[in-house]
Amino acid sequence: MWRDPCRGDIVSVLVENHREFLRFLERRVGSRAVAEDILQEAFIRGIGKAETLRSEESAVAWFYQTLRNALIDHARRAGAAERALTAVAAEVEKAQPPDAELQDAVCKCVGRLASTLKPEYAEALRRVEVDGLSVTSFAEEAGITANNASVRLFRARQALKKQLEVSCGTCASHGCLDCTCGQPGGGCKQ
């Protein structure tokens, strides 16, 4: 097992091989940015376990195995994210649009409160919830990934919920039957 000064030697050996490690990953994932992310993650994991090495010669071979494991983890995460996105897209495609009467019955204060959110949240809600654009189409329109668009929409809904609870009080949590929020003497009848 390596002693105190050798921990620095392991790090030096790994840093010296940075370019080779990056090339190894980039050939397998096809993206320099993704390869850099995986490499940084592997460095973080690997440095913590470096003291388990017995000789300097094994550091590079050991780290390549760490990179292979990181590639497998990356592929699993990407597959899981893709499956989740596909499931959400299928669910959205099956959803029936609300009828015109229901659309008209939606509380007017929601539109007012949505405009108080971050502009990107308000836009996500408007394009997906009001205009009926799919999350994937919104992502393309906004120049972001579908996953990022889904996260943005989730956060926008959460922020809108908080605004509704602040504005309407507990009726927002239990459902408004006749919303008059924002009107003089207004409130919700339950």
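Note: the structure precedes this text.
Parameters at a glance
- Residues numbered from 1 in each chain as written.
- Predicted model: local features only at pLDDT ≥ 70, side-chain atom pairs only at ≥ 80, totals over all residues.
- Heavy atoms only, no water.
- Buried < 20%, exposed > 50% of the residue type's maximum accessible area, 1.4 Å probe, protein only.
- Helix = DSSP H or I, 4+ residues; strand = E, 2+ residues; numbered from the N terminus.
- Arc of directions from axis to C-beta.
- Salt bridge = Lys/Arg side-chain N within 4 Å of Asp/Glu carboxyl O.

Describing helix H8 (residues 135-142)
Among the residues of H8, those classed as buried are Val-135, Phe-138 and Ala-139. In an axial view of H8, the angular spread of the buried residues amounts to 100°, which keeps them on one side of the axis. At the exit of H8 stands Gly-143, carrying a positive phi of roughly 75°.

Brief notes about the pattern of salt bridges
Under the criterion given, the structure shown has 10 salt bridges. Note that Glu-41 is salt-bridged to Arg-45, the shortest N-O span being 3.1 Å. One end of the pair, Glu-41, and the other, Arg-45, are both in helix H3 (residues 32-49), four residues apart, so they sit about a helical turn from each other. Residue class for Arg-45 comes out partly exposed when judged on its relative accessible area of 35%. What emerges from the salt-bridge pattern is a single network uniting Glu-123, Arg-126, Arg-127, Asp-131 and Glu-141.

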